Every structure is written in C-alpha cells, then in structure tokens.
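Geometric and topological summary
One letter stands for each residue in the lines below.
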Amino acid sequence: MPRPVKSMYSRNLFQARRKLITEIGFFEPLSQAIAEMIYKHAAIERESLSLIDMGCGEGSHLSNICENMRSKYQKIVTGVGIDISKEGILEASRSYANKIWTVGDLANTPFMNEQFDVILNILSPSNYNEFNRVLKADGLFIKVVPQSSYLKELREIIYNQPEKQSYSNVDIVERFNENFQVMDSSRICYTIPLGNTFIQSLVQMTPLAWEATKEQVKLLLDEDSAQITVDLEILIGKKR
Ligand SMILES: C[S@@+](CC[C@H](N)C(=O)[O-])C[C@H]1O[C@@H](n2cnc3c(N)ncnc32)[C@H](O)[C@@H]1O
C-alpha cells in the first residue's frame, strides 16, 4: 500500500473468524465445493495452477481450498492472498507460512497481466477491471456472495426492518453477469450448532455486529447455544 489504510476489520475479528473456520469447520462445505468446482472447470488436465484470493482476510479459506486441491485432487496450487487489512495479512502469514501474502488494494494489485488461473473473491468487494487484467485468458473467476438466509439468526436480532432480515444479492449478481460469462453457480445452505464460546466468536467475526446495539450484542452473547444458518451462492465465470 502506498499509505496506511484505516479499516474496521480488527485483529480480534480475524482471530474469531479463524477460530470458527479452523476449530469447527464453519465454512468447510464451502471450501470443499469451491475445490470441486476448480477441479471440474480449471484443473482436470493440469498438474499445477496459480490461485489468488482477492480480499483473503486471515487466509483460512485460501489455505483450506489449496489443501483440498492437494489431498483430494492431487493438484499443486500456488496460493496468493491479498487484503487491504494489515491485521488480516499478519494473521494469515503467522498461520500459513507456505503461501504468498500481500497487503494491498484489490483494485490495484502488484501483479503482472494474465498471471492467475483462478481468482477467488469470498464475501469481499470486487474490482472487475483489475480481476480481468490479472486473470489468464482461459482463467476462472469464483465469487462467493451471501444468499437470503445467510446468518439470518443474527439479522433477526440486529435489524427491526423485515427487509433487512434477509439478504438480497440481485445487484451483485447483475454486475457479475455484466463483466464475466457465468458458467456455473451453486447454492450452499446448511445450519451449524454453536455453543456459547463460538457464539462469541460469531459475533466478533461478522461486520453485521458493527450495526448492533450493546443490548442486542448482550442478547446474542447470553445464548447458551444456537443453530446458525450459512447460506451462500458460488458464482463461477470466464472472461468474456
Ligand atoms: C467480510 S471480509 C471477508 C474476508 C475473507 N474473504 C473471509 O471470507 O473470511 C471482507 C474483506 O475484504 C477486505 N477488503 C475490503 N476492501 C478491500 C480492498 N479494496 N482491497 C483488498 N481487500 C479489501 C477486508 O479487509 C476484509 O478482509
């Protein structure tokens, strides 16, 4: 980064995110589905491939997906993660030493043209010009967006307005369609039981809690256990 950037994404948030991902497999069905799609659409005939996670946060998704590609599909993946948050990249580089971790803006990355076989973009903003620039001509773009019931148990407590209690990604999908040719998509929906310690991590890990009042946060933290819904859409595209 040419200069430091202030971010709401703190070290606590990234540590909580990593705890949920690595200790109870909060997003494991997502990692498995993405690895399967990379295999199906980009890797069947290749021994190795390069993958960049744009807005990688603390790096667990990238690490899990590369590990799935190695153990299930015997593919060698060079994994690169970029995030604007120095805290996220510090966590990533401490936890996963065998990847390339970069503090930077996904709208202006320090990579050459047409370098990557796969771009991942999970629950993070996009910059389609930059993604098109660094993706190979036959590369794959994978974007993960929330579906209507994503973390609905939290939304129902945090938002009074019914329209905010579910999530609409219509605009995001439209923008994806304008910039990439959609090849495939898949909805991943499941519930996961959380005990009190992991409810605390959930509250810490999500930007949703930034909009909650102290009373709402207390209501969430007082729960002994909860069933939490993960509802995500995976969009797969090729360059137009
Ligand atoms: C909701 S978090 C998702 C992080 C990670 N993909 C995950 O699912 O755990 C959104 C991430 O996007 C990053 N981000 C936001 N704007 C960015 C930008 N312009 N360049 C790079 N990263 C950015 C944030 O720092 C944050 O880590």
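Residues numbered from 1 in each chain as written. Predicted model: local features only at pLDDT ≥ 70, side-chain atom pairs only at ≥ 80, totals over all residues. Heavy atoms only, no water.

If you look the protein chain up in an unreviewed UniProt entry, it shows as 23S rRNA (Guanine-N(1)-)-methyltransferase YxjB from Oceanobacillus neutriphilus.

A surface patch of nonpolar side chains, amounting to about 270 Å² of accessible area, comprises M1, V5, I84 and V103. Residue placement: V103 occurs in strand β3 (residues 100-103). (Patch = residues over 30% accessible without salt bridge, like charges linked within 9 Å, V, L, I, M, F, W, Y side chains within 5 Å. Areas by Shrake-Rupley, 256 points an atom, 1.4 Å probe, with all protein chains shown as cover. Salt bridge = Lys/Arg side-chain N within 4 Å of Asp/Glu carboxyl O. Helix = DSSP H or I, 4+ residues; strand = E, 2+ residues; numbered from the N terminus.)

The subject of this paragraph is the site of the ligand. Lining the immediate environment of the ligand, one finds 17 residues, of which R17, G55, D83, D105 and I122 sit closest. Between the ligand and D83, the relevant distance is 2.6 Å, taken from an oxygen atom to a side-chain nitrogen or oxygen of the residue. In the complex, 90% of the free accessible area of the ligand, which totals 590 Å², lies under the protein chains. For the shell around the ligand, the residue count by class is eight nonpolar, six polar and three charged. (Near = heavy atom within 4 Å. Polar contact = N/O pair within 3.5 Å; in protein donor to acceptor, adjacent residues only side chain to side chain. Nonpolar A, V, L, I, M, F, W, Y, C, P; charged D, E, K, R; others polar.)

The positions that UniProt labels "domain: Methyltransferase" (unreviewed entry) are, in the present scheme, residues 48-163. As annotated, residues 48-163 has a helix share of 34% and a strand share of 33%, and its two end C-alpha atoms lie 45 Å apart. (UniProt positions renumbered as here; feature names shortened; annotations may be inferred.)

Right, let's get into the sheet that holds strand β4 (residues 116-122). A sheet is described by the order of its strands in space; here seven strands give the open sequence β3-β2-β1-β4-β5-β7-β6, paired in mixed fashion. Of all strands in the sheet, those with a lone pairing partner are β3 and β6 (180-195), marking the two edges. Pairs of neighbouring strands in the sheet enclose a mean axial angle of 20 degrees, with direction left out of account. Note that β4 and strand β5 (residues 135-146) share six bridges and pair parallel. Across the sheet, residue V118 finds its bridge partner in β5, namely L140. Across the face of the sheet, helix α2 (residues 28-43) comes into contact with β1 (48-54), β4, β5, β6 and β7 (225-239) while running at roughly 160 degrees to β6. Contacts from helix α3 (residues 60-73) reach β1, β2 (76-83), β3 and β4 within the one sheet, and its direction differs from that of β2 by about 170 degrees. (Pairing = 2+ DSSP bridges. Axes fitted to C-alpha atoms, helices over the stretch in contact; angles between N-to-C directions. Contact = heavy atoms within 4.5 Å.)

Moving on: the environment of I236. For I236, the position within the fold is in strand β7. Taking the C-alpha atoms as reference points, I236 and N177, 59 residues apart in sequence, are found 10 Å from one another. Every residue in contact with I236, bar those within four places of it in the chain, is listed here: M37, H41, L140, F141, I142, F176, Q181, V182, M183 and D184.

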